[in-house]
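Examining the three-dimensional arrangement
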There are 2 protein chains.
Amino acid sequence: MAIDIQALQAGNSRALAKAITLVESKRIEHRTEAQLLLEQVLPSTGNSIRIGITGIPGVGKSTFIEAFGLYLLSQGKRVAVLAVDPSSPIAGGSILGDKTRMEMLSRSKDAFIRPSPSEGSLGGVAQKTRETMLLCEAAGYDVILVETVGVGQSEYEVASMVDFFMVLMLPNAGDELQGIKKGIIELADALVINKADGESINLAQQTRRHYENALHLLRHNTFWTPQVMSCSAIKNENIEAIWGMISGFKIDAIKNGSLQEKRSRQAREWMNKLLHEMLEMKLKQNPEVRDLLPHLNDKVTNGETTPYLAATKLIDLLFKSAK
Amino acid sequence: MAIDIQALQAGNSRALAKAITLVESKRIEHRTEAQLLLEQVLPSTGNSIRIGITGIPGVGKSTFIEAFGLYLLSQGKRVAVLAVDPSSPIAGGSILGDKTRMEMLSRSKDAFIRPSPSEGSLGGVAQKTRETMLLCEAAGYDVILVETVGVGQSEYEVASMVDFFMVLMLPNAGDELQGIKKGIIELADALVINKADGESINLAQQTRRHYENALHLLRHNTFWTPQVMSCSAIKNENIEAIWGMISGFKIDAIKNGSLQEKRSRQAREWMNKLLHEMLEMKLKQNPEVRDLLPHLNDKVTNGETTPYLAATKLIDLLFKSAK
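Now for a quick tour of the structure. These figures come from a predicted structure and were not determined experimentally. (Residues numbered from 1 in each chain as written. Chains lettered and ligands numbered in written order. Predicted model: local features only at pLDDT ≥ 70, side-chain atom pairs only at ≥ 80, totals over all residues. Heavy atoms only, no water.)

Some details on the overall build of chain A
What counts here: Only DSSP runs of H or I with at least four residues qualify as helices, and only runs of E with at least two residues qualify as strands; both kinds are numbered from the N terminus onward. Buried residues are those whose accessible area, probed at 1.4 Å on protein chains only, stays under 20% of the maximum for their type, while exposed residues exceed 50% and partly exposed ones sit between those limits. Contacts were defined at the residue level, with two residues in contact if any of their heavy atoms lie within 4.5 Å. The method behind every accessible area is Shrake-Rupley, applied with a 1.4 Å probe, and residues are considered shielded solely by the protein chains displayed.
The number of helices and strands found in chain A is 13 helices and seven strands. Across the 323 residues of chain A, 53% fall into the buried class. Residue pairs in contact within chain A that sit at least 24 positions apart in sequence constitute 74% of those at least 6 positions apart. In the form shown here, chain A has an accessible surface area of approximately 14,700 Å², with 51% of it arising from carbon and sulfur atoms.

Pasting the structure below:
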């Protein structure tokens, strides 16, 4: 697959889409090609602000992203929306990235919306999304929104690939965490209470105070104190203030070096995760290991050998047959 | 180190102690020797009931184990007490296994008390304790008590190597989980409220009802419904009933096959854990990988290469230099 890198770097969305297809391809020769492409564009990446957005179904993520994205376009920004949705049952694409959800945004030439890759191999769907993010940056997008549903493990994966992680909530002070895991709240740089409109305005304010108090109890190890804000995406209210908060974060995080530090740490952690996955794959794909494994599994199951001896034999086999 | 296997299997505690020293040794030739020994004794293992005991400091673990152990001795059982204490700051042994804590028990020839190994390599302290457990079984001990403090990760490790996992608690109904992690309670086959004596008797009963209600909310996937009991180790009250519960569990679990099933699953999971640790160690110990790693770490940190490419290079190097 010949990718026109100059067109990509000039912001041509067809070249970008083709590059993403290459990155998402499962064919081994495409994988190598994709890595070479990524290394080539790497110097022109990193200039966006990477924003993760999560929230339970019904919180209004699409409406928020549409309103937020349109506001960013009005400020002259170019916006890419990516999705991480490992749970999607729809083959070949994700409901999350469905362009009909963000109709206005998808019509603009300065917005790029890409559904979640249907599956990934090494590093899973998150690996593809990380690589797609780099391609979008190379294509000059200023803001990358990475969206995920607030269920499962995908929130952790998104939090570990973005600069700023935002959790959308409903106005519902009494409802504790609304099904969001406590670990996710601890990762949030901001909680945004959406649907703060009509009869829910007072409730949204209560909810906001509730979470402000709750967040005080959590420790943070960066310069940034997580914020609680409210907005109404459908009425387009307070969207500007949310961008104000995030761009303020970005300016400070660049100035004090913490943005670069965070990205470096994320990259190193990701490298370690990939290393482990690759080792596991080497083991799984080794024909001799694959032959012996069921036999050793039986012996361990029946107490005929120890787990240690069985593991040692498999490792010896893996490194001998590599010779 | 020549181990007298016949003496070991005849229950000679000096031969047992020497075998454990071999298993705990960090020298590579001892490691191989230990594995051969374990494979030789394997057919005579598995006949004990393996009981894990945890609880926060101050709950009375030593007093409980002394009372429980003495009761078992009076029933003609031979008892081994092992400890898993990775956090122990004392080199060469653990405060947990200190024999002075279980003075009466340690004087009996039918009791064997072994402090926590000070450190482990592959599989950590838990690996050594698993192997020591097998040696104790080969030496004919009927009941193995594996003790750990209720902090950190060691409870999970103990729960994954025993047949029956018991959490000691204090009489304190209002105090929720008393610093015990919720995940630990979910693993418990029994909660035992110790110090149910004197003025605390009523409180202990309340605590017991409190946890009985709480446990009802938890799902269980075995035949066994977790029990809540109370006792006073220091007054030797209700110790017999606790043994009654555990021996009842053992009889049923043998009859319906779930004991064998649980042990088989534990062994397979342990094999997988060791496999991963061994792979990681291969990577760490490879001289070429070790040379290149800091350089690639820098490149990833500075955004000069992708985590994927860096990981691929390291893996290629590991398997090429094995050739």
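Thoughts on the sheet that holds strand E7 (residues 227-230) of chain B
Residues and elements named next belong to chain B. Under the convention used in this document: A pair of strands is treated as paired once DSSP finds two or more bridges between them. In this analysis an axis means a line fitted to C-alpha atoms, helices contributing only their contacting stretch, and an angle means the value between N-to-C directions, from 0 to 180 degrees.
Strands sit in the order E3-E2-E4-E1-E5-E6-E7 across an open sheet of seven strands; the sheet is parallel. Where the open sheet ends on each side, the last strands, each with one partner, are strand E3 (111-114) and E7. Across the sheet, the mean angle from the axis of one strand to that of its neighbour is 20°, orientation sign disregarded. Direction of pairing for strand E1 (residues 49-55) relative to strand E4 (residues 143-149): parallel, over a ladder of seven bridges.

Notes on the nonpolar core
Spelled out, the test is: Remark: nonpolar core denotes a set of buried residues (Ala, Val, Leu, Ile, Met, Phe, Trp, Tyr, Cys) joined through side-chain atoms within 4.5 Å.
In this structure, Leu16(A), Leu135(A), Leu191(A), Leu16(B), Leu135(B) and Leu191(B) are the most contacted members of the largest nonpolar core, which totals 129 residues. Residues in contact with Leu191(B), not counting those within four places in the same chain, are Val167(B), Met169(B), Ile185(B), Tyr211(B), Leu215(B), Gln227(B), Val228(B) and Met229(B).

A look at the interface of chain A and chain B
For clarity, the threshold we go by: Defined in terms of a 1.4 Å probe, buried area is the accessible area two parts forfeit on being brought together, summed over both. Salt bridges are defined by distance alone: a side-chain nitrogen of Lys or Arg within 4 Å of a carboxyl oxygen of Asp or Glu. Pairing of N or O atoms within 3.5 Å defines a polar contact, subject to two protein rules: one partner must be a possible hydrogen donor and the other a possible acceptor, and residues neighboring in sequence count only if both atoms are side-chain atoms.
If you look at the interface, chain A gives 43 residues, while chain B gives 43 residues. When chain A packs against chain B, close to 4,100 Å² is buried across both sides, 75% of that on carbon and sulfur atoms. When residues of chain A are sorted by the area they lose upon contact with chain B, Met271(A), Tyr308(A) and Phe319(A) head the list and together hold 18% of the total. Our enumeration of links across chain A and chain B arrives at zero salt bridges. Across the chain A-chain B interface, the total number found is 12 residue pairs in polar contact (both at pLDDT 80 or more). Counting only elements with at least two residues in the side of chain A that touches chain B, the list comes to helix H3 (28-41), helix H6 (124-138), helix H11 (258-285), helix H12 (287-301) and helix H13 (307-321) of chain A.

Quick look at the packing of H12(A) against helix H11 (residues 258-285) of chain B
Counted only if it meets this: An angle counts as roughly parallel when it lies under 35 degrees, as roughly antiparallel when it exceeds 145, as roughly perpendicular when it falls between 65 and 115, and as oblique in every other case. Crossings are classed by handedness, with left-handed meaning an anticlockwise turn of the near helix from the far one by less than a right angle and right-handed meaning a clockwise turn. Residue type decides the class: Asp, Glu, Lys and Arg count as charged, Ala, Val, Leu, Ile, Met, Phe, Trp, Tyr, Cys and Pro as nonpolar, and the leftover types, Gly among them, as polar.
One way to put it is that H12(A) packs onto H11(B) with a least axis distance of 8 Å and a crossing angle of 135°. Here H11(B) runs oblique to H12(A), going by the angle between their axes. The handedness of the crossing between H12(A) and H11(B) comes out as right-handed. Touching Leu293(A), Asn297(A), Val300(A) and Thr301(A) of H12(A) are Gln260(B), Ser264(B), Ala267(B), Arg268(B) and Met271(B), all from H11(B). Its residues placed into classes, the contact of H12(A) with H11(B) shows four nonpolar, four polar and one charged.

Some remarks on the pattern of salt bridges
Oppositely charged side chains are able to pair whenever their charged atoms sit close together. Residues and elements named next belong to chain A. Counting across every chain of the model gives 22 salt bridges over all chains. Linking Glu-29 and Arg-27 is a salt bridge whose minimum nitrogen-to-oxygen distance equals 2.6 Å. Here Asp-163 makes a salt bridge to Arg-263, at a shortest N to O gap of 2.7 Å. Remark: Arg-263 occurs in helix H11 and Asp-163 occurs in the loop between helix H7 (154-159) and strand E5 (164-169); sequence separation between them is 100 residues. Residue Arg-263 is classed as buried on the basis of its relative accessible area, which comes to 11%.

Regarding the relation of the copies chain A and chain B
Formally: Copy-to-copy superposition: least squares on the C-alpha atoms, limited to residues that have pLDDT of at least 70 in both copies.
Superposition record for chain A on chain B: RMSD 0.0 Å, screw rotation 180°, translation along axis 0.0 Å. Accordingly, the operation relating the two chain copies is best matched by a two-fold axis. An overlap of 100% is found between the interface residues of chain A and their copies at the interface of chain B, pointing to a shared contact surface.

Section: H12(A)
All names here are of chain A. For clarity, the cut-off: For a helix, the expected span equals 1.5 Å multiplied by the residue count minus one. One fitted axis covers the seven residues ending at a residue, a second covers the seven starting there, and the bend at that residue is the angle between these axes.
In this model H12 runs 22 Å from its N-terminal to its C-terminal C-alpha over 15 residues, within 8% of the 21 Å that 1.5 Å per residue would give. In H12, a bend of some 35° at Leu-293 exceeds every other bend along the element, and Pro-294, a proline, comes one to four places later. The complete set of buried residues in H12 reads Val-289, Leu-296, Val-300 and Thr-301. After H12 finishes, the residue Gly-303 shows a positive phi value of roughly 70°.

Brief notes about the packing of aromatic side chains
Definition in use: For Phe, Tyr and Trp, rings pair up if their centres lie within 6.5 Å, where Trp contributes its six-membered ring, and each pair is then called stacked (planes under 30 degrees apart), edge-to-face (over 60) or tilted (otherwise).
Counted under the stated rule, the structure contains 17 aromatic pairs over all chains. Consider the rings of Phe64(A) and Phe68(A), whose centres lie 5.3 Å apart with planes at 15°: the pair is stacked. Of this pair, Phe64(A) and Phe68(A) both sit in helix H4 (residues 61-74), four residues apart, which is roughly one turn of that helix. Judged by relative accessible area, Phe64(A) falls into the buried class, the value being 0%. With a centroid separation of 6.3 Å and 65° between ring planes, the pair formed by Phe223(B) and Trp224(B) is classed as edge-to-face. Its relative accessible area of 34% is what places Phe223(B) among the partly exposed residues. A connected cluster of aromatic rings, assembled from ring pairs, spans Phe164(A), Phe223(A), Trp224(A) and Phe249(A).

A word on the pairing of strand E3 (residues 111-114) of chain A
Residue and element names in this part refer to chain A. Side chains of E3 alternate between two faces, with Ala-111 and Ile-113 and Phe-112 and Arg-114 buried alike. Note: strand E2 (residues 79-84) against E3, four bridges, orientation parallel. Along E3, the bridge assignment pairs Val-79 with Ala-111.

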